[in-house]
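So you can see what is in the structure, the chains are spelled out below.
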Number of protein chains: 2
Amino acid sequence: MALTQRDAARSRSSILDAAEEAFARSGYDGANISEICEAAEVSRGLPSYLFGTKELLYRAVVDRAAERLRERTIEPLRRQSRLSSIEATIELFVDTYVDFLASEPSIVRLLQWEMLRDEHHTGPFAPTSQLFAEVLAIFNDVLKKRSRATIGGPALLASAVALCFFPFMARAKGFSIAGADRGTLRKHKERITRLLLSGIRSS
Amino acid sequence: MALTQRDAARSRSSILDAAEEAFARSGYDGANISEICEAAEVSRGLPSYLFGTKELLYRAVVDRAAERLRERTIEPLRRQSRLSSIEATIELFVDTYVDFLASEPSIVRLLQWEMLRDEHHTGPFAPTSQLFAEVLAIFNDVLKKRSRATIGGPALLASAVALCFFPFMARAKGFSIAGADRGTLRKHKERITRLLLSGIRSS
DNA sequence: AGTTACTTGCTGAACGTCCATTCAGTATGC
DNA sequence: GCATACTGAATGGACGTTCAGCAAGTAACT
């Protein structure tokens, strides 16, 4: 056969793709390994062989997703933060974060499931918490330049994340922005940015 | 025995209490009926006897929770909306909604789990979607009184819910407001209200 | 070029555990 | 004595994990 068989790296990523889809759709408990094997077109035993347990497979999925999140939202922010005003920082954050959430619907769901698995957030395994902390540090840094900051870093970040994230998780019709076109996303971003900035200025 | 045995109503609500706690903590798949029986101090077979299946028990829990949500956030709003300005409506909504979320941590989690169970939101069983629609109708109604509304009802409601709800679901330290004291809650409410109102005025 | 030996990738049936559901049977109140 | 409330052991299915075994690649040696 010309088809490459026995390619461990390909098998790994194929399983990770299928597992991410399954965990995003059904959560940790709801997903089962058989359906993952079927979607990944591998045998029933391979995930255990490559990743050990279901829990370890799940962590691999979340880690890979967290890495994408970091690359596409934190890194751009970190590169610009030294020179930017708080206005520009917020604008950049909203822009990259909303684009990211729109392009990665399964990560949106993974993050939601993760928020509900509380053992992780008190325990040592808390990738999302750590990412939040990094963005917070950047926000605090930029806010310090303002002599009269009318809002704290945590409150500002919490509002920003809430306004960006929520429309992607709510599925009630009229609220969900999941699967929206470019124009709708742009208006959404503008609205959020304007609201956050008016919150900084006023008061 | 003086203790009342064989009290179907008491058994029902005792099971509902335990089930709500279990479903809120672990979700539908993660919760198991044995632990619910233990917490409710009833026999292993009683939940099935009274509610039929696990799915029906879950629906009973969600319905009861949705009823509490309606009573404490929609009803107060409905009573005042006819006479109120949009400012007063927002203030009242934020006030009652935040108080409700703070006093009902397990409903916060139930709502989060519910948002992830997508079959329900496209299917006929969607209590939360319907509640959102009711509040939206009220917002639209009040907004109509303004000749020059600078924001749509859906966008306004989405922002309000996002800002109120998110701090209760995020568990990253520095963000979570779950278990906060009265003063912190008051400041939180004031901040949100101010932000939303400045979003209406400016633009 | 062919044979051997060894490593690595992978398979799928078998196993054990967990868990929702069922139901024959018991207790209770009227 | 009859309906209602409740019990808990039995049942069967779903699912994660294990593992003996097979196949594919690689290297060394003839």
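Structural data are supplied above this passage.
What comes next is a walk through the structure. (Residues numbered from 1 in each chain as written. Chains lettered and ligands numbered in written order. Predicted model: local features only at pLDDT ≥ 70, side-chain atom pairs only at ≥ 80, totals over all residues.)

1. As for the overall build of chain A
Quick reminder of the rule: Under the DSSP-based scheme used, a helix requires at least four consecutive residues in state H or I and a strand at least two consecutive residues in state E, with every element numbered from the N terminus. Contacts here follow a simple rule: the backbone-placed C-beta atoms of the two residues must lie within 7 Å.
When you go through chain A residue by residue, the secondary structure sums to 10 helices and 0 strands. Counting from the amino terminus, chain A carries its helices and strands in the arrangement α-α-α-α-α-α-α-α-α-α. Each principal axis of the C-alpha distribution contributes one length, and for chain A these read about 65 × 35 × 35 Å. For chain A, contacts bridging at least 24 residues in sequence account for 66% of all contacts bridging at least 6.

2. Digging into the protein's contact with DNA strand C
Rule in force here: Only the C-beta atom, placed from the backbone, is used; a residue is near a molecule or strand if that atom lies within 6 Å of it. Residues are sorted three ways: Asp, Glu, Lys and Arg are charged, Ala, Val, Leu, Ile, Met, Phe, Trp, Tyr, Cys and Pro are nonpolar, and all the rest, Gly among them, are polar.
In the vicinity of DNA strand C lie 22 residues, with A:S43, A:G45, B:I33, B:S48 and B:T53 positioned nearest. Elements with a minimum of two residues in the surface near DNA strand C: α1 (8-30) and α3 (46-51) of chain A together with α2 (33-40), α3 (46-51) and α4 (54-81) of chain B. Partitioning the surface near DNA strand C into residue classes produces 6 nonpolar, 9 polar and 7 charged.

3. Quick look at the protein's contact with DNA strand D
Near DNA strand D, the surroundings consist of 21 residues, among which A:I33, A:S48, A:T53, B:S43 and B:G45 are the closest. Of all elements in the fold, only α2 (33-40) and α3 of chain A together with α1 (8-30) and α3 of chain B reach the threshold of two or more residues within the surface near DNA strand D. Residues that form the surface near DNA strand D fall into these classes: 6 nonpolar, 9 polar and 6 charged.

4. Some remarks on helix α6 (residues 105-116) of chain A
Defined as follows: Helix span is expected to be 1.5 Å times the residue number reduced by one. Partly exposed residues are those whose C-beta has more than 12 but fewer than 20 other C-beta atoms within 10 Å; with 20 or more the residue is buried, with 12 or fewer it is exposed, and the C-beta atoms are placed from the backbone.
The end-to-end C-alpha distance of α6(A), which contains 12 residues, comes to 18 Å, matching closely the 16 Å that a straight helix rising 1.5 Å per residue would cover. All buried positions along α6(A) are accounted for by A:I107, A:R109, A:L110, A:L111, A:W113, A:E114 and A:L116.

5. Let's talk about the nonpolar core
As a reminder, the rule being used: Connectivity within a nonpolar core runs through C-beta atoms within 7 Å, and the core itself is a set of buried Ala, Val, Leu, Ile, Met, Phe, Trp, Tyr and Cys residues.
One finds A:A160, A:C164, A:F166, B:A160, B:C164 and B:F166 to be the most contacted residues of the largest nonpolar core, which totals 62 residues. Grouped together as the second largest cluster of nonpolar side chains are 48 residues, A:A24, A:I107, B:A22 and B:I36 included.

6. As for the relation of the copies chain B and chain A
Using the following cut-off: What sets the superposition is a least-squares fit of C-alpha atoms, and only residues with pLDDT of at least 70 in both copies go into it.
Laying chain B over chain A is done by rotating through 180 degrees and shifting 0.0 Å along the axis; what remains is an RMSD of 0.1 Å. What we have between these two chains is a two-fold relation. A symmetric contact is evident, with 100% of the interface residues of chain B recurring at the interface of chain A.

7. Regarding the packing of α1(A) against helix α4 (residues 54-81) of chain A
Residue and element names in this part refer to chain A. Short version of the rule: Every angle, taken between N-to-C directions, lies between 0 and 180 degrees, and every axis is a line fitted to C-alpha atoms, over only the stretch in contact when it is a helix. The labels follow the angle: roughly parallel below 35 degrees, roughly antiparallel above 145, roughly perpendicular from 65 to 115, and oblique for the rest.
Across the interface, α1 lies against α4 with an axial gap of 10 Å and an inter-helix angle of 100 degrees. The angle between the axes of α1 and α4 places the two elements in the roughly perpendicular class. For the pair α1 and α4, contact is made by L16, A19, E20, F23 and Y28 and by L57, Y58, A60, V61, R64 and A65, respectively. Considered class by class, the residues forming the contact of α1 with α4 number 9 nonpolar, no polar and 2 charged.

8. Examining the interface of chain B and chain A
Contacts between the two partners involve 36 residues from chain B and, on the opposite side, 36 residues from chain A. Elements represented by at least two residues in the side of chain B that touches chain A include exactly α1, α6 (105-116), α7 (118-122), α8 (127-144), α9 (153-169) and α10 (182-201) of chain B. Broken down by element, the side of chain B that touches chain A gets its largest block of residues, 10 residues, from α9(B).

9. Some thoughts on the packing of helix α5 (residues 86-103) of chain B against α9(B)
All names here are of chain B. Heads up, the rule is: Take the far helix as your reference; a near helix turned counterclockwise from it by less than a right angle gives a left-handed crossing, and one turned clockwise gives a right-handed crossing.
In contact at an axis separation of 10 Å, α5 and α9 are set at 20 degrees when each is read in the N-to-C sense. Looking at the two axes, α5 sits roughly parallel to α9. Crossing hand, α5 versus α9: right-handed. Residues I90, F93, V94, Y97, V98 and L101 of α5 lie in contact with α9, whose contacting residues are A160, C164, F165 and F168.

10. Thoughts on helix α10 (residues 182-201) of chain A
Here α10(A) is 20 residues long and its end C-alpha atoms lie 28 Å apart, about the 28 Å a rise of 1.5 Å per residue gives. Where α10(A) is buried, its residues meet α5 (86-103) and α9 (153-169) of chain A together with α9 and α10 of chain B.

11. Quick notes on the environment of B:L16
Residue and element names in this part refer to chain B. Its place among the elements puts L16 in helix α1. Counting along the chain gives 88 residues from L16 to E104, while the straight-line C-alpha distance between them is 15 Å. Ignoring any residue separated from it by four or fewer positions in sequence, one finds L16 in contact with A60, V61 and R64.

12. A short note on the environment of B:L56
Along the chain, B:L56 falls in helix α4. Residues B:L56 and B:E190, 134 residues apart in the sequence, show an inter-C-alpha distance of 40 Å.

13. Let's talk about unusual backbone geometry
Not every positive phi belongs to a glycine, and A:E41 is a case in point at roughly 55 degrees. Its location among the elements puts A:E41 in the loop between α2 and α3.

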